[in-house]
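# Structure at a glance
Here is what each chain is made of, one letter per residue.
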Amino acid sequence: MLTTQRKSLILDILRRDGQVVAKHVAEDFSLSEDTIRRDLREMAAEGLLKRVHGGALPLSPDLPDFSARRAVASDAKQRLGTLAAGMVKAGQLIFLDGGTTTAEIARRLPRDIAFTVATHSPTIAAELEHHPTAEVILTGGRLYKHSMVATGAAAMSAISQLRPDIFFLGVTAAHPVHGLSTGDFEEAAIKRHIARCSVETYVLLTEEKLDLASPCPVLGVGEVSGLIVPEGIGEARLSPYRVLNGAILVA
């Protein structure tokens, strides 16, 4: 078996199982563990996976700060925002997570019906300053500046008083095995709490977030009402997610 073939199969295992165990792969391929470990080291150097003792895990995505992410315009994010905004109905209470993708929802919310937007992000609230029909509820708490969202006990308590019809969730990574995740423990806890208070939760995912795992789990792929993804992602890549959650909306 050629090295390139082995590496391709290793990536397939990583996507399917969420981890690679060098000993098991060596047995399956009838090769030495040293050969597989060398492959894993090379793949880690190529930025394809994260090398750990005994094998490998999916990469954790880079976490640029909010200002850096806001400066990056994305047609895919705009399409996701348009689809999500179109789901909002008159009289609903929706909750918008922090982030640049959910900011695109705020910019595209309907302007001919009345509804309420709750958020724990001051930047999202600011997007709605001149919206003609949206009432805005901004929950307080300790500001996590990296994502510009409120966290902690005060935020948790305020969110507990709400029952949103839809929560539009943002995460930094999604994986069939490791679920939906983000980079901060307190932020992950707030996201889970909002989802538990909400009737429905939809997560918006750009393609680069798929098949990765951040350090702090939020929810399993099957625990949300649906995934909103941009068009152009191959069915083979989406298939493991469809097994867990049949509601995948393509923007």
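Report on the accompanying structure.

Definitions and limits used
- Residues numbered from 1 in each chain as written.
- Predicted model: local features only at pLDDT ≥ 70, side-chain atom pairs only at ≥ 80, totals over all residues.
- Heavy atoms only, no water.
- Helix = DSSP H or I, 4+ residues; strand = E, 2+ residues; numbered from the N terminus.
- Rg over C-alpha atoms; globule rule 2.2 N^0.38 Å.
- Buried < 20%, exposed > 50% of the residue type's maximum accessible area, 1.4 Å probe, protein only.
- Contact = heavy atoms within 4.5 Å.
- Lys, Arg positive; Asp, Glu negative; His and termini not counted.
- Charge placed at Lys NZ, Arg CZ, Asp CG, Glu CD.
- Phe/Tyr/Trp six-rings, centres within 6.5 Å; stacked < 30°, edge-to-face > 60°.
- Expected span 1.5 Å × (residues − 1).
- Arc of directions from axis to C-beta.
- Polar contact = N/O pair within 3.5 Å; in protein donor to acceptor, adjacent residues only side chain to side chain.
- Salt bridge = Lys/Arg side-chain N within 4 Å of Asp/Glu carboxyl O.
- Pairing = 2+ DSSP bridges.
- Axes fitted to C-alpha atoms, helices over the stretch in contact; angles between N-to-C directions.
- Parallel < 35°, antiparallel > 145°, perpendicular 65-115°, else oblique.
- Core = buried A, V, L, I, M, F, W, Y, C linked by side-chain atoms within 4.5 Å.

### Some words on the overall build of the protein chain
Secondary structure summary: the protein chain contains 10 helices and 15 strands in total. Computed over C-alpha atoms, the radius of gyration of the protein chain comes to 20 Å, within 12% of the 18 Å expected from 2.2 N^0.38 for 251 residues, which places it in the range of a compact globule. In the protein chain, which comprises 251 residues, the share counted as buried stands at 50%. Taking as baseline every contact in the protein chain between residues at least 6 positions apart, the subset at least 24 positions apart corresponds to 62%. Seen as two clouds, the 27 positive and the 29 negative side-chain charges of the protein chain have centres 3 Å apart.

### Topic: the packing of aromatic side chains
All told, the structure shown has 1 aromatic pair when counted by the stated rule. Summarising the aromatic geometry, the rings of F95 and F167 are spaced 5.8 Å apart at their centres and angled 90 degrees between planes, so their arrangement reads as edge-to-face. Of this pair, F95 sits in strand 4 (residues 93-96) while F167 sits in strand 9 (residues 166-170), and the two are 72 residues apart along the sequence. Since its relative accessible area comes to 0%, F95 is described here as buried. Overall, the relative accessible area of 0% leaves F167 in the buried class.

### So, helix 3 (residues 33-45)
With 13 residues, helix 3 ought to run about 18 Å at 1.5 Å a step, and its terminal C-alpha atoms sit 18 Å apart, in line with that. Every buried residue belonging to helix 3 is among T35, I36, D39, L40 and M43, and all of these are buried. Viewed along the axis of helix 3, the buried residues span an arc of 135 degrees, placing them on a single side of the element. Facing away from the buried surface of helix 3 by more than 90 degrees, the exposed residues are D34 and A45.

### Regarding the side chain of D97
You can see D97 is positioned in the loop between strand 4 and helix 6 (100-108). Polar contacts involving the side chain of D97 include one to the main-chain amide nitrogen of G170, which spans 3.0 Å. For D97, the contacting residues outside a window of four places in its chain are T102, H120, I124, F167, F168, L169, G170 and K191.

### Structural notes on the pattern of salt bridges
In this structure the tally under the stated criterion is 16 salt bridges. In this structure, E104 engages R107 in a salt bridge whose closest nitrogen and oxygen atoms are separated by 2.9 Å. On the criterion of helical spacing, the pair formed by E104 and R107 is a turn pair, its members being 3 residues apart in helix 6. Among the residues examined, E104 registers a relative accessible area of 8% and is labelled buried.

### Side note on the sheet that holds strand 11 (residues 179-182)
Spatially, 3 strands are ordered 10-11-13 in an open sheet, and the strand pairing comes out antiparallel. Strands at the two margins of the open sheet, each flanked by one partner only, are strand 10 (173-175) and strand 13 (216-219). Taken over all neighbouring pairs, the strand axes of this sheet differ in orientation by 35 degrees on average, direction set aside. Two strands pair when backbone bridges link them, and strand 10 and strand 11 are joined in this way by 3 bridges, in the antiparallel orientation. Across the sheet, residue A173 finds its bridge partner in strand 11, namely S181. The sheet strands contacting helix 9 (residues 185-197) are strand 11 and strand 13, and the helix crosses strand 13 at an angle near 5 degrees.

### Things to note about the packing of helix 1 (residues 3-17) against helix 3
To describe two helices that pack against each other, one gives the angle between their axes and the distance between the axes. Relative orientation of the contacting elements helix 1 and helix 3 amounts to 75 degrees, with a least axis distance of 11 Å. In terms of orientation, helix 1 and helix 3 fall into the roughly perpendicular class. Here T3, R6, K7, I10 and L11 of helix 1 lie close against helix 3, whose contacting residues are T35, I36, R38, D39, L40, E42 and M43.

### A word on unusual backbone geometry
Positive phi, close to 55 degrees, is recorded for S30, a residue that is not glycine. For S30, the position within the fold is in the loop between helix 2 (22-29) and helix 3. Residue class for S30 comes out exposed when judged on its relative accessible area of 66%. Located in the positive-phi region is M148, a residue other than glycine, with phi close to 55 degrees.

### Looking at the nonpolar core
Counting 31 residues, the largest nonpolar core has L169, L180, V203, L205 and L227 as the members making the most contacts within it. Going through the elements one at a time, strand 4, helix 8 (153-160), strand 9, helix 9, strand 13, strand 14 (226-229) and helix 10 (235-244) are the ones with two or more residues in this core. Dropping the residues within four chain positions of it, L205 is found in contact with L80, V171, A174, L210, L227, I228, V229 and P230. Listed in part, the 22 residues of the second largest apolar core include I105, F115, Y202 and A251.

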